Amino acid sequence: MEFVDLKAQYKALKVQIDERIQRVLDHGQYIMGPEVAELEGRLTAFTGAKHCITVASGTEALLISLMALGLKPGDEVITTPFTFAATAEAIVLLGGKPVFVDIEPDTCNIDAQLIEAKITRRTRAIMPVSLYGQCADMDEINATAARHGLAVIEDAAQSFGANYKGRKSCNLSTVGCTSFFPSKPLGCYGDGGAIFTTDDGFAQACREIRVHGQSARYVHTRVGVGGRMDTIQCAVVLAKLERFEWELQRRRKLGERYNALLASSAVDLLSVRPDRDCVWGQYTVFVEKRAEVQSALFARGIPTVIHYPNPLHTQPAYAEYRTGEDDFPHSVSAGLRVMSLPISADLDEVDQHRVAQALIDASSR
């Protein structure tokens, strides 16, 4: 069994994907070809955002966004320690300081009620992560940011396509950033990402930064990076958009079915708030004796992954940003218990039942 079945997805979309890639091979514009602008137009229409700027990866989306905001050494960005390293990495690469806030124990998203206490005169932005495919409490976070004149960058690497109070992830705040890493809800066949905003000036800054700070060829108006998304990767995403709505519905149904199958088990489930949905970028549960459970599932041919075992403040690269021995207890607890199960739009329901039953058996020992 595949943890994420990209081969089945390709089989279903082979004609569209092959045709899109062949078109790029025929015109030969591998960098900033016409598919780039086409994809950006399709994604703005999908999210409702005014601007979409495709970039080389989800990490690059965060980095370019912070550069466009003018983050300077010593500036602080409030975020969560329970996320992939890229969230804090982008801050630190620019000389900024990630200021961590603990998570809600039942959603694993940043606890919006704890943010305001961490704001200082050096705070420049708030970067919530919409973890596992469910948006954080964006209205509360935006309201806090507005009171202090701060930008909000949604790290939506796992939540593209999710709904929050009738709006789409990536169009909920100053900036939305997503990833098209192959295993994401909408993925390419390499690295890719995108930035979304309604701010014209910010969008222009991002467009310039992604091409080494150029406003025109060989006219460098700002410091930038080589952050473009390849034309072929844009072509792949364009082909996958043909059935993306169907895939989102499948992910939601599979998540609901996992929840139903595991409802009476010893496994604790993530909460999904009633004013939003989850696209299950990862289907993640909480288990005790995780190593034993993983071994039992592996013996039955079922792969599992941990997202994420060690919160960032416990990592050597980010240890200087912790403040005490008892920092972020919910993040630490989650790191010890979370486990992700196979999920993708093409997961067969018979296989899903097999996964759920194996987990029930293993967790009840």
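Above this text you will find the structure in question.
Just so we're clear, the structure is a prediction, and the values are computed from it rather than from any experiment.

Trainee: Before we go on, may I ask you to explain the environment of Ala-112 in this structure?
Mentor: As for its placement among the helices and strands, Ala-112 is situated in the loop between strand 3 (97–100) and strand 4 (123–127). Overall, the relative accessible area of 8% leaves Ala-112 in the buried class. Each C-alpha atom, one on Ala-112 and one on His-220, is 39 Å from the other, the two residues being 108 residues apart in sequence. Aside from chain neighbours lying at most four places away, what touches Ala-112 is Asp-137, Glu-140 and Ile-141.

Trainee: I would appreciate a short explanation of the pattern of salt bridges in the present structure.
Mentor: A side chain of one charge can pair with a side chain of the opposite charge if their charged atoms are brought near each other. One pass over the structure, following the stated rule, counts 24 salt bridges. For Arg-273, the salt bridge is made with Glu-104, and the minimal N-O distance between the two is 3.4 Å. On the criterion of sequence distance, the pair formed by Arg-273 in the loop between strand 12 (268–269) and strand 13 (283–286) and Glu-104 in the loop between strand 3 and strand 4 is long-range, its members being 169 residues apart. In this structure Arg-273 comes out as partly exposed when scored by relative accessible area, which is 22%. In this structure Glu-104 comes out as buried when scored by relative accessible area, which is 11%. As a salt-bridge pair, Asp-361 and Arg-300 come within 3.1 Å of each other at their nearest N and O atoms. Taken together, the residues Asp-361 in helix 11 (residues 349–363) and Arg-300 in the loop between helix 9 (290–299) and helix 10 (329–337) connect sequence positions 61 residues apart. What makes Asp-361 partly exposed here is its relative accessible area of 29%. According to the relative accessible area criterion, Arg-300 is partly exposed, its value standing at 39%.

Trainee: Looking at this structure, how should I read the sheet that holds strand 9 (residues 193–197)?
Mentor: The strands that make up a sheet are held in pairs by hydrogen bonds between backbone atoms, and each pair lies either parallel or antiparallel. Spatially, the seven strands line up as an open sheet ordered 1-9-8-5-4-2-3, and their pairing is mixed. Either end of the sheet is taken by a strand with one partner, and the two such strands are strand 1 (51–55) and strand 3. Strand-to-strand twist across the sheet, computed as the mean angle between neighbouring axes with direction ignored, equals 25°. Each of strand 1 and strand 9 touches helix 2 (residues 34–47); the most contacted strand, strand 1, lies at about 130° to it. Against the sheet, helix 3 (residues 58–69) makes contact with strand 1, strand 2 (76–79), strand 4, strand 5 (151–155), strand 8 (175–179) and strand 9, and its axis sits at roughly 160° relative to strand 8, the strand it touches most.

Trainee: Please clarify how the packing of helix 9 against helix 11 should be interpreted in this entry.
Mentor: Axis angle and axis distance: for two packed helices, these are the angle between their axes and the distance between the axes, and together they describe the pair. Where helix 9 contacts helix 11, the two axes come as close as 9 Å, and the packing angle between them is 135°. Judged on the interaxial angle alone, helix 11 and helix 9 are oblique. In the packing of helix 9 onto helix 11, the handedness of the crossing is right-handed. For the pair helix 9 and helix 11, the contacting residues are Val-293, Ala-296 and Leu-297 in the first and Ala-358, Leu-359, Ala-362 and Ser-363 in the second. Considering only residue class, the contact of helix 9 with helix 11 consists of six nonpolar, one polar and no charged.

Trainee: How should I be thinking about unusual backbone geometry in this particular structure?
Mentor: Generally, phi is negative for residues other than glycine and the peptide bonds are trans, each holding for most cases. Note the cis peptide between His-307 and Tyr-308, where omega equals 15°. On the secondary structure map, Tyr-308 appears in the loop between helix 9 and helix 10. At Lys-289, a residue that is not glycine, the phi angle is positive and equals roughly 50°.

Quick notes on the rules
Residues numbered from 1 in each chain as written. Predicted model: local features only at pLDDT ≥ 70, side-chain atom pairs only at ≥ 80, totals over all residues. Heavy atoms only, no water. Helix = DSSP H or I, 4+ residues; strand = E, 2+ residues; numbered from the N terminus. Buried < 20%, exposed > 50% of the residue type's maximum accessible area, 1.4 Å probe, protein only. Contact = heavy atoms within 4.5 Å. Salt bridge = Lys/Arg side-chain N within 4 Å of Asp/Glu carboxyl O. Pairing = 2+ DSSP bridges. Axes fitted to C-alpha atoms, helices over the stretch in contact; angles between N-to-C directions. Parallel < 35°, antiparallel > 145°, perpendicular 65-115°, else oblique. Left-handed = near helix turned anticlockwise from the far one by under 90°. Nonpolar A, V, L, I, M, F, W, Y, C, P; charged D, E, K, R; others polar.

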